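Take a look at the letters that make up each chain.
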Amino acid sequence: MNASVPPSSDPPFPLHPPLDAWSRMVGPIDPGFDAAIKDRLDHLTKPLGSLGRLEDVAFWYARLHGSDRPPAPRGACVVFAGDHGVTAEGVSAYPSSVTREMVLNYLRGGAAISVLSRTHGFSLSIVDVGVDGDLSGAEGLIHRKVARGTKNFRREPAMAPRDGIRALEVGMEMADRSAKAGATLLLTGEMGIGNTTSSTALAAALLRRPPEELAGTGTGLSPEGRRKKIRVVEESLAVYRPLLSSPLDWMCAVGGFEIAALTGFIIGGAVRRIPVILDGFITTTAALLAVELIPGVRPWLLASHMSLEPGHRHLLEHLGLAPLLALDLRLGEGSGAAVAYPLVVSAVELYNRMATFSEASVSEAGPG
Ligand SMILES: Cc1cc2ncn([C@H]3O[C@H](COP(=O)(O)O)[C@@H](O)[C@H]3O)c2cc1C
Ligand SMILES: O=C(O)c1cccnc1
């Protein structure tokens, strides 16, 4: 065991995390419209319950918007990008430089999430919160670099506490911006070579499950590569476990700038009262962190899909979220949230625009 945790020059928590304030801002859900929403769903011109999960989605959306006539969905996807020092351990099939290159690809419109944003008509913002490379000249990028990548958590904590908090605040800022731009739904996205390793470590620590159960092949590791990834995570957790307890400690020890920012973004959805569509394993790890920090965030979440990363299933089960889709995706970027977006739009438009039995003079079900 050659990892060690050097004493940090930062003061211990609580530092200045704005979490207490955020926690107070996540108000309870108003059940006042529940009966009216259910009543409308049950009187639309269709057999009772026949729209299945779409009815659940419409109910979720309308209830969170506190209305039985909720606004038409306007999606805002934010992709947070950051690099990971742990890639020095050889835990990804691709080099770290791909993070920066993909950011430029997003800005040029050539990535999967770029195409899906144009196809389905939601906005797309790209945020550099910790890319290990110069992006200062990149136009259209939101420049919020906290540091040039995390430290290698196998050797030392990934982020200084104050930097982790800064990244959380970037996420909250992006939720605020999206709210001001009129978004009624947030879509979570990320880019960061090595971030399935970071998420595996974070999920294993928070769920108290063995990394072996959670680790996948990420961008396409060989079986030996996956075994190395598991070993790196296990050895790191063994070092940190006796030293750490709070979710925030874990976030800084093994997380990443984009994961911290996503956590702030997800909390920001609940604070600004905008429902959030999760993507895959990485964004659901950030969601677990958000819920551990502020349990009132949980009702604001929708699971778009079940990723091929094995840890995703465990996270979803723990959070009590049933994914809408299972498409064997293992991409990230927000791609799963993006393909679920038109389903949410369908659910809400059906709910808002279908005629009721009385409006259409259609006979309702008889006693049989
Ligand atoms: C070209 C390319 C585009 C991507 N878009 C998302 N990811 C995804 O893969 C990375 C995580 O996998 P790992 O932990 O194995 O590195 C993240 O950047 C994630 O968003 C990509 C990966 C690549 C190579
Ligand atoms: O599920 C994810 O979020 C995921 C899976 C593989 C690679 N990147 C992201």
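Note that the structure is predicted; figures quoted are calculated from it, not measured.

As a further point, take the overall build of the protein. Along the protein, the regular secondary structure elements total 15 helices and 6 strands. Relative to a compact globule of 368 residues, whose C-alpha radius of gyration would be 21 Å, the protein shows 21 Å and is just as compact. Counting only C-alpha atoms, the protein reaches 75 × 40 × 40 Å along its principal axes. For the protein, buried positions account for 50% of its 368 residues. The long-range share in the protein, meaning contacts at least 24 apart out of those at least 6 apart in sequence, stands at 79%.

Around ligand 2 sit 13 residues in total, of which Gly280, Phe281, Ser307, Arg330 and Gly332 are the nearest. For the shell around ligand 2, a count of residues per class yields 3 nonpolar, 7 polar and 3 charged.

Okay, the pairing of strand 4 (residues 185-191) next. Most of strand 4 sits inside the fold, with 7 of its 7 residues counted as buried. Alternating residues of strand 4 divide into Leu185, Leu187, Gly189 and Met191 and Leu186, Thr188 and Glu190, and every residue in both groups is buried. Sheet topology note: the strand 1 (residues 75-82)/strand 4 ladder contains 7 bridges and is parallel. The residue of strand 4 that forms the bridge with Gly75 is Leu185.

Reading across from one edge, 3-2-1-4-5-6 is the order of the 6 strands in this open sheet, with parallel pairing throughout. Across the chains shown, the open sheet's two edge strands, defined by having one partner strand only, are strand 3 (142-143) and strand 6 (301-303). Examined bridge by bridge, strand 4 and strand 5 (residues 276-278) share 2 bridges and lie parallel to one another. Pairing of Leu186 across the sheet is with Val276, part of strand 5.

Here we come to the environment of Pro210. Residue position: Pro210 is located in the loop between helix 7 (195-207) and helix 8 (211-214). For the pair Pro210 and Glu234, spaced 24 residues apart in sequence, the C-alpha separation works out to 7.9 Å.

To continue, consider the UniProt feature "active site" (unreviewed entry) in the protein. This chain's UniProt record puts "active site" (unreviewed entry) on Glu333. The residue Glu333 is located in the loop between helix 13 (310-319) and helix 14 (335-353) in this model. In this view, Glu333 contacts Val79, Ala111, Ala112, Ile113, Gly189 and Met191; residues no more than four positions away in its chain are not counted.

The environment of ligand 1 is made up of 18 residues, and the closest members are Ser92, Thr196, Gly218, Thr219 and Gly332. The set of elements that each furnish at least two residues to the shell around ligand 1 consists of helix 4 (97-108), strand 4 and helix 7. Class assignment for the residues of the shell around ligand 1 results in 7 nonpolar, 9 polar and 2 charged.

Residues Ala261 and Ile277 are the most contacted members of the largest nonpolar core, which totals 108 residues. Not counting chain neighbours up to four residues away, the residues in contact with Ile277 comprise Leu185, Leu186, Leu187, Thr188, Leu302, Ser304, Ala337, Ala340, Tyr341 and Val344.

Attention shifts here to the packing of helix 7 against helix 10 (residues 247-254). Across the interface, helix 7 lies against helix 10 with an axial gap of 9 Å and an inter-helix angle of 155°. Relative to helix 10, the element helix 7 is oriented roughly antiparallel. The way helix 7 lies across helix 10 gives a crossing that is right-handed. Contacts between helix 7 and helix 10 involve Ser198, Ala201, Leu202, Ala205 and Leu206 on the former and, on the latter, Pro247, Trp250, Met251 and Val254. Here the contact of helix 7 with helix 10 is composed, by residue class, of 8 nonpolar, 1 polar and no charged.

Turning our attention to the packing of helix 6 (residues 161-180) against helix 11 (residues 257-271). Packing of helix 6 against helix 11 leaves a shortest axis separation of 6 Å and a crossing angle of 45°. Considered as vectors, helix 6 and helix 11 are oriented oblique to each other. In this structure, helix 6 crosses over helix 11, and the sense of that crossing is right-handed. Within the contact between the two elements, helix 6 uses Gly164, Ala167, Leu168, Glu169, Val170, Gly171, Met172, Met174, Ala175 and Asp176 and helix 11 uses Phe257, Ala260, Ala261, Leu262, Thr263, Gly264, Phe265, Ile267, Gly268, Gly269 and Val271.

About the criteria used
Residues numbered from 1 in each chain as written. Chains lettered and ligands numbered in written order. Predicted model: local features only at pLDDT ≥ 70, side-chain atom pairs only at ≥ 80, totals over all residues. Helix = DSSP H or I, 4+ residues; strand = E, 2+ residues; numbered from the N terminus. Rg over C-alpha atoms; globule rule 2.2 N^0.38 Å. Buried ≥ 20, exposed ≤ 12 C-beta atoms within 10 Å, placed from the backbone. Contact = placed C-beta atoms within 7 Å. Near = placed C-beta within 6 Å. Nonpolar A, V, L, I, M, F, W, Y, C, P; charged D, E, K, R; others polar. Pairing = 2+ DSSP bridges. UniProt positions renumbered as here; feature names shortened; annotations may be inferred. Core = buried A, V, L, I, M, F, W, Y, C linked by C-beta atoms within 7 Å. Axes fitted to C-alpha atoms, helices over the stretch in contact; angles between N-to-C directions. Parallel < 35°, antiparallel > 145°, perpendicular 65-115°, else oblique. Left-handed = near helix turned anticlockwise from the far one by under 90°.

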